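Structure assessment
Okay, here's what each chain looks like letter by letter:
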Amino acid sequence: MTDYTPMWRSLGLDLKAHDALLSYLGGVYGDLFLAQKNRPRGMGYFDFVMSEVHGLRIKELMDAKAAGRKVIGSYCTFVPEELILALDGISIGLCTGGEWATDQVDQILPRNTCALIKSAFGFKLGKVCPYVEACDLVVGENTCDGKKKAYELLKTYIPSFHVIDMPQMKSDAGKALLHAEYARFAGKLEEITGQTLTSEKLAAAIATVNAKRRALKRLAAVRAATPAPISGLDALLISQVSFYDDPVRFTSSLDALCDELEERARRGEGAVSADCPRIVMSGCPMAVPNWKVPAIVEAAGAVIVAEESCVGERSTRFLASEEGGTVETMIGQLVERYLQIDCAVFTPNPTRLDYVRTVTGQRKADGVIHYALQFCHPYQIEAGPMVSALEDEAIPTLRIDTDYGQEDIGQIRTRVEAFVERLKA
Ligand code: BJ8
């Protein structure tokens, strides 16, 4: 087994804390993922990626950096991976799914800050994330107020930081703002990478990212089968891995898994039994290692068949145009693609509810769980009308507002078990 300690030391990690994190994650991963029954064989690749998440993948990044490539980290699906790839950068979605260094974080951020934002600070301040340390540039975006203001503080700890300003409305003015901001981001990437953005490079990058999203759409579609051929936990894990794995390798591994899942669906073989209640999760993104609620849901005897979430289908269901043209035209095509994402930071945001309805029907789901992080105003505020609208349409819906702590697990389990019983009735 390779000893990565020298690499982690060179990245400035707190080795003791980092060991503690890895051993915690290894234990949780074994209990939640490896212990599942009837897993598809193709999950072996994703288990391997997870087992090497701070090892081999970081070594690949360090080798790429030594060869002159730049690593660009981000926290939101609005940061266009296509532009990063076009300039030979490596795009990494930074992990924000776990509590770490909470004492330090609480000295900087108000307690009523969402867990996702606190997590970004915790991993940085606790010096346990090799990804953020490997980044040549970290990109924030002015989506919710929490992130917008927190980035002002985070960039004091991360010297190379770029913020993309975001529209609040999907109007012509909003579109123009995003276009200008993507062009400014492209300029920043050119400065960091020393490369020039051309239409050929951008077309190739769009094709690569679209191929990845097509594979994710294939995974989403096969989850309509009864019985569900893959668990929600495994599908979530694949989405999480998509943010930091090499896109070409990820796509071919996922396509191979989808071949297997489609074959399973043809044979009527599932990860669960055919009468297992089926649930759509909708709400805040679940970044690595946030598996808390899906684990409770599936342990209660249900299966998750869709995630209406940014770590899920909210963004990946849209492909960018491959029509081509000038760099300027193609940036415009990217803006069209990205502005379809129905994040709750937009006002109004009716298409999110529309998609939850649609996907509930497509996947033959029996109910919806609305998941929001405490203190996340955009999703918590959208939760009320969404739950009422779905219940009015006879779609049973449960609302869960939580954080990354363990204290409410018992209470959530009780509520989820009662909900699953309701779905069975
Ligand atoms: S496009 S969902 S990834 S902003 S949970 S930090 S909204 S207070 S994460 Fe998101 Fe981009 Fe939207 Fe998607 Fe704020 Fe809410 Fe915290 Fe959130």
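The structure displayed is predicted, hence computed values, not measured ones.

Quick word on the packing of aromatic side chains
- Tallied over the full model, the rule gives twelve aromatic pairs.
- With a centroid separation of 5.1 Å and 85 degrees between ring planes, the pair formed by tyrosine 45 and phenylalanine 46 is classed as edge-to-face.
- Exposure remark for phenylalanine 46: the relative accessible area of 0% places this residue in the buried category.
- Geometrically, the ring pair formed by tyrosine 75 and tyrosine 151 is stacked, given 6.1 Å between the ring centres and 25 degrees between the ring planes. With tyrosine 75 in the loop between strand S1 (71-74) and helix H5 (81-86) and tyrosine 151 in helix H9 (residues 145-154), this residue pair connects regions lying 76 residues apart in the sequence. Side by side, tyrosine 75 and tyrosine 151 carry an identical accessibility label, which is buried.
- Taken together, the aromatic side chains of Phe78, Tyr182, Tyr338 and Phe346 make up a single cluster linked through ring pairs.

A word on unusual backbone geometry
- A cis amide bond links threonine 226 with the next residue in sequence, proline 227, at an omega value of -5 degrees.
- Inspection of the secondary structure assignment puts proline 227 in the loop between helix H11 (199-222) and helix H12 (232-242).
- Proline 348 follows threonine 347 through a cis peptide bond whose omega is -10 degrees.
- Phi angles above zero are rare outside glycine, and aspartate 88 is one such case at about 65 degrees.
- On the basis of relative accessibility, which here comes to 32%, the residue aspartate 88 falls in the partly exposed class.

Side note on the layout of surface pockets
- Computed from the structure, the second largest pocket encloses a volume of approximately 840 Å³.
- As for the second largest pocket, its lining consists of 35 residues, of which Val28, Leu32, Trp291, Lys292 and Ala295 are closest to the centre.
- At the level of elements, helix H2 (15-34), helix H14 (292-299) and helix H19 (409-424) are the ones that each hand at least two residues to the lining of the second largest pocket.
- With six residues, H2 is the largest single contributor of residues to the lining of the second largest pocket.

As for empty space enclosed by the protein
- Summed over the entire model, instances satisfying the criterion amount to four cavities of 30 Å³ or more.
- By volume, the largest cavity is sized at about 70 Å³.
- Among the secondary structure elements, those contributing two or more residues to the lining of the largest cavity are H11, H12 and helix H15 (313-316).
- Per element, the largest residue contribution to the lining of the largest cavity is three residues, and it comes from H11.

Here's the deal with helix H10 (residues 172-193)
- Taking 1.5 Å as the rise per residue, H10 with 22 residues should run 32 Å; its terminal C-alpha atoms sit 31 Å apart, in good agreement.
- Taken together, the buried positions of H10 are occupied by Gly174, Leu178, His179, Glu181, Tyr182, Phe185, Ala186, Leu189, Ile192 and Thr193.
- Packed against the buried residues of H10 are S1, H5, strand S3 (137-141), strand S4 (161-164) and helix H16 (327-338).
- In the segment just after H10, glycine 194 is the residue with positive phi, at about 75 degrees.

Topic: the sheet that holds strand S6 (residues 303-308)
- Here we have four strands laid out as an open sheet, ordered S6-S5-S7-S8, and parallel in their pairing. Where the open sheet ends on each side, the last strands, each with one partner, are S6 and strand S8 (397-402). Each neighbouring strand pair of the sheet contributes to a mean axis angle of 25 degrees, computed without reference to strand direction.
- Of the pairings in the sheet, the one linking strand S5 (residues 278-283) to strand S7 (residues 367-373) comprises five bridges and is parallel in character. Pairing of serine 282 across the sheet is with histidine 370, part of S7.
- Contacts from H14 reach S5, S6, S7 and S8, with the element oriented near 150 degrees to S6.

A few points about the nonpolar core
- Ranked by internal contacts, the top residues of the largest apolar core, which has 132 residues, are Phe78, Leu83, Ile238, Leu254 and Trp291.
- For this core, the element with the most residues is H11, which contributes eight residues.
- Sequence-distant contacts of tryptophan 291, that is, excluding residues within four places in its chain, are made with Val28, Tyr29, Leu32, Phe33, Met50, Leu233, Leu236, Leu237 and Gln240.
- Core analysis: the second largest hydrophobic core is formed by 16 residues, Ala228, Val280, Val305 and Ala306 among them.

Considering the site of the ligand
- The environment of the ligand is made up of 17 residues, and the closest members are Cys76, Cys144, Cys310, Cys343 and Cys376.
- Grouping the constituent residues of the shell around the ligand by class yields 13 nonpolar, two polar and two charged.

Thresholds, definitions, all that
Residues numbered from 1 in each chain as written. Predicted model: local features only at pLDDT ≥ 70, side-chain atom pairs only at ≥ 80, totals over all residues. Heavy atoms only, no water. Phe/Tyr/Trp six-rings, centres within 6.5 Å; stacked < 30°, edge-to-face > 60°. Buried < 20%, exposed > 50% of the residue type's maximum accessible area, 1.4 Å probe, protein only. Helix = DSSP H or I, 4+ residues; strand = E, 2+ residues; numbered from the N terminus. 1 Å grid on protein atoms, 1.4 Å probe; cavity = no way out; pocket = protein on both sides within 12 Å on 5 of 7 lines; lining within 4 Å. Points joined across faces, edges and corners; volume = space filled by probe spheres on them. Expected span 1.5 Å × (residues − 1). Contact = heavy atoms within 4.5 Å. Pairing = 2+ DSSP bridges. Axes fitted to C-alpha atoms, helices over the stretch in contact; angles between N-to-C directions. Core = buried A, V, L, I, M, F, W, Y, C linked by side-chain atoms within 4.5 Å. Near = heavy atom within 4 Å. Nonpolar A, V, L, I, M, F, W, Y, C, P; charged D, E, K, R; others polar.

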